[in-house]
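So you can see what is in the structure, the chains are spelled out below.
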Amino acid sequence: MSINKIHKNSPFKVPKEYFERFDATFFNEIELKTSVKETGFKTPDSYLNDFNISIPKISKFSNLRKLNKKYSFYIFRTAAALFLLFMFSLPSEDTQEISYEILENYLINEGNQSEAFIDVLTLEDLNDLSILEVSYYEIENYILQNASIETLLIY
Amino acid sequence: MQNEAKLLSLLKLDNSKELAFKTLVKRYKEKLYWHIRKIVISHDDADDVLQNTFIKIFRNIDKFKGDSKLYTWMYRIATNESISFLNSKAKRNQVSNKTLNENAIQNLVADVYFEGDEIQLKLQKAIAQLPRIQQLVFNMRYFDDIKYKDMSSILETSEGALKASYHIAVKKIKTYLQAD
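Residues numbered from 1 in each chain as written. Chains lettered and ligands numbered in written order. Predicted model: local features only at pLDDT ≥ 70, side-chain atom pairs only at ≥ 80, totals over all residues.

## Section: the overall build of chain B
When helices and strands are counted, chain B shows 9 helices and 0 strands. Taken from the N to the C terminus, the helices and strands of chain B come in the order α-α-α-α-α-α-α-α-α. Within the span of chain B, comprising 180 residues, buried residues form 31% of the whole. Taking contacts inside chain B between residues at least 6 apart in sequence as the whole, the part at least 24 apart equals 55%. (Helix = DSSP H or I, 4+ residues; strand = E, 2+ residues; numbered from the N terminus. Buried ≥ 20, exposed ≤ 12 C-beta atoms within 10 Å, placed from the backbone. Contact = placed C-beta atoms within 7 Å.)

Written out as structure tokens, the structure reads:
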């Protein structure tokens with residue numbers, strides 16, 4: 001029996017145009033590699049030998065965070081109550097404008113309490129967020145600037 | 001592989017973590033540097049991304065469950081850090097990613113850390129014309145000879161799709177080089 005006949009009767013298959021593609025890639029690659037193999041990039045002298053990472057010291061900080069997390073819900077609620085009390089006790093015409101500014105600053109400086117926020121928000125509150133006029137473009141920009149792709153891909 | 005498993009277990013213990021991490025940096029800094037450098041092109045940018053990559057590895061090593069090889073996991077972080085870095089840079093400079101890439105290649109001519117000849121410069125220009133995924137696949141296969149199986153784990157794409165991307169990339173580059 002000839003080899004061709006064996007192949008014709010074989011139950012094994014290859015992807016469509018596999019052999020044509022294999023040839024093309026193989027010969028194109030060989031041809032390319034004969035003219036250029038390296039990138040041409042180089043590094044400063046002994047850069048890789050001297051490369052070092054200062055390991056971030058996070059142990060004390062992480063303990064502190066654990067402690068904060070435990071009480072963050074209560075801290076957040078107390079702070080929010082005091083904040084609201086303070087705001088409503090201010091007889092000012094610009095209350096609305098100031099409150100937005102103060103709120104924004106508060107959220108920027110103290111707002112790393114996302115879990116506490118999530119705990120406090122109800123489904124109704126979340127639905128109300130839909131009235132905010134934020135375009136997809138702005139959301140996309142925000143994600144691009146702030147979210148870590150690595151985090152999104154890995155977790 | 002066994003060494004990798006041992007290193008990983010040392011990385012997860014508090015008393016050996018720092019020393020094991022130093023070993024990890026020593027072992028992989030060069031490979032990761034060149035992988036990053038081919039994506040971001042400039043040495044200074046590659047240095048920044050390499051630092052960030054290792055810091056991220058250090059912070060997340062406890063969450064690594066061993067579903068993939070340690071080195072493919074690190075390559076994935078390096079790749080994502082590089083892309084994230086380029087996106088932020090493009091945003092900061094208010095240019096598109098394509099323009100940013102073209103500018104980086106233009107700057108190579110005067111770059112003291114590029115000693116490529118005319119054909120190497122032309123190859124970099126050809127690579128810059130490719131879509132991002134084809135650039136990644138071409139660099140990883142052509143220069144680093146990374147297996148499709150590992151590449152599949154790094155880029156989270158099927159081996160078949162990666163082979164097709166490489167085939168198209170090689171064809172486009174050959175055409176680009178022959179055109180001039």
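## Focus on the overall build of chain A
Scanning chain A for helices and strands turns up 9 helices and 0 strands. Across chain A, helices and strands are ordered from the amino to the carboxyl terminus as α-α-α-α-α-α-α-α-α. By the burial criterion, 3% of the 155 residues in chain A qualify as buried.

## Quick look at helix 2 (residues 18-35) of chain A
Between its first and last C-alpha, helix 2 of chain A extends 26 Å over 18 residues, near the 26 Å set by a 1.5 Å rise per residue. Across the 18 residues of helix 2 of chain A, 0 count as buried, placing the element largely on the outside. (Expected span 1.5 Å × (residues − 1).)

## Section: the packing of helix 7 (residues 132-143) of chain B against helix 9 (residues 159-179) of chain B
All names here are of chain B. The interhelical angle for the contact between helix 7 and helix 9, taken along N-to-C directions, is 90°, at an axis separation of 9 Å. Considered as vectors, helix 7 and helix 9 are oriented roughly perpendicular to each other. Contact residues: helix 7 offers Ile133, Gln134, Val137, Phe138 and Arg141, while helix 9 offers Leu162, Ser165, Tyr166, Ile168 and Ala169. Across the contact of helix 7 with helix 9, the residue classes break down as 7 nonpolar, 2 polar and 1 charged. (Axes fitted to C-alpha atoms, helices over the stretch in contact; angles between N-to-C directions. Parallel < 35°, antiparallel > 145°, perpendicular 65-115°, else oblique. Nonpolar A, V, L, I, M, F, W, Y, C, P; charged D, E, K, R; others polar.)

## Some remarks on the nonpolar core
Residue and element names in this part refer to chain B. Among the nonpolar cores identified, the biggest contains 38 residues, and Ile36, Val40, Met74 and Val137 are the most heavily contacted of them. Those elements giving two or more residues to this core turn out to be helix 2 (17-40), helix 3 (43-60), helix 4 (70-92), helix 6 (118-128), helix 7, helix 8 (148-155) and helix 9. Here the element with the most residues in this core is helix 4; it accounts for 8 residues. Residue assignment places this core across two domains, with domain 1 (1-115) and domain 2 (116-180) each supplying three or more. The residues touching Ile36, leaving out its near neighbours within four places in the chain, are Ala46, Val49, Leu50, Thr53, Ala78 and Ser82. (Core = buried A, V, L, I, M, F, W, Y, C linked by C-beta atoms within 7 Å. Domains from an automatic or database assignment.)

## What to know about the interface of chain B and chain A
Interface size is commonly expressed as the accessible area that is lost once the parts come together. Across the contact, 40 residues belong to chain B and 28 residues belong to chain A. Sorting the residues of the side of chain B that touches chain A by element identifies helix 2, helix 3, helix 4, helix 6 and helix 9 of chain B as the ones contributing at least two each. Residues of the side of chain B that touches chain A, tallied by class, amount to 17 nonpolar, 10 polar and 13 charged.

## A few points about the packing of helix 2 of chain B against helix 4 of chain B
Residues and elements named next belong to chain B. Direction vectors running N to C along helix 2 and helix 4 enclose 30°, while the axes themselves pass 10 Å from each other. Considering how the two elements wind past one another, helix 2 and helix 4 form a crossing that is right-handed. The residues of helix 4 that touch helix 2, namely those facing Tyr28, Leu32, His35, Ile36, Ile39 and Val40, are Tyr71, Met74, Tyr75, Ala78, Ser82, Phe85 and Leu86. Split by residue class, the contact of helix 2 with helix 4 holds 11 nonpolar, 2 polar and no charged. (Left-handed = near helix turned anticlockwise from the far one by under 90°.)

## Overview of unusual backbone geometry
Residue and element names in this part refer to chain B. Not every positive phi belongs to a glycine, and Gln94 is a case in point at roughly 55°. By C-beta crowding, Gln94 is classed as exposed, having 7 other C-beta atoms within 10 Å. Positive phi is not limited to glycine here, since Asp145 has a value of about 55°.

## Comments concerning the environment of Ser42 of chain B
All names here are of chain B. Relative to the elements of secondary structure, Ser42 occurs in the loop between helix 2 and helix 3. Overall, Ser42 belongs to the partly exposed group, with 16 C-beta atoms counted inside 10 Å. Taking C-alpha positions, Ser42 is 10.0 Å from Val112, a pair spaced 70 residues apart along the chain. Setting aside residues no more than four positions away along its own chain, Ser42 makes contact with Ala104 and Asp111.

## Here we look at the confidence of the model for chain B
Per-residue confidence for chain B gives a mean pLDDT of 92; residues scoring 70 or more make up 98%. Reported confidences for the modelled complex are a pTM of 0.67 and an ipTM of 0.80. (pLDDT = per-residue confidence, 0-100.)

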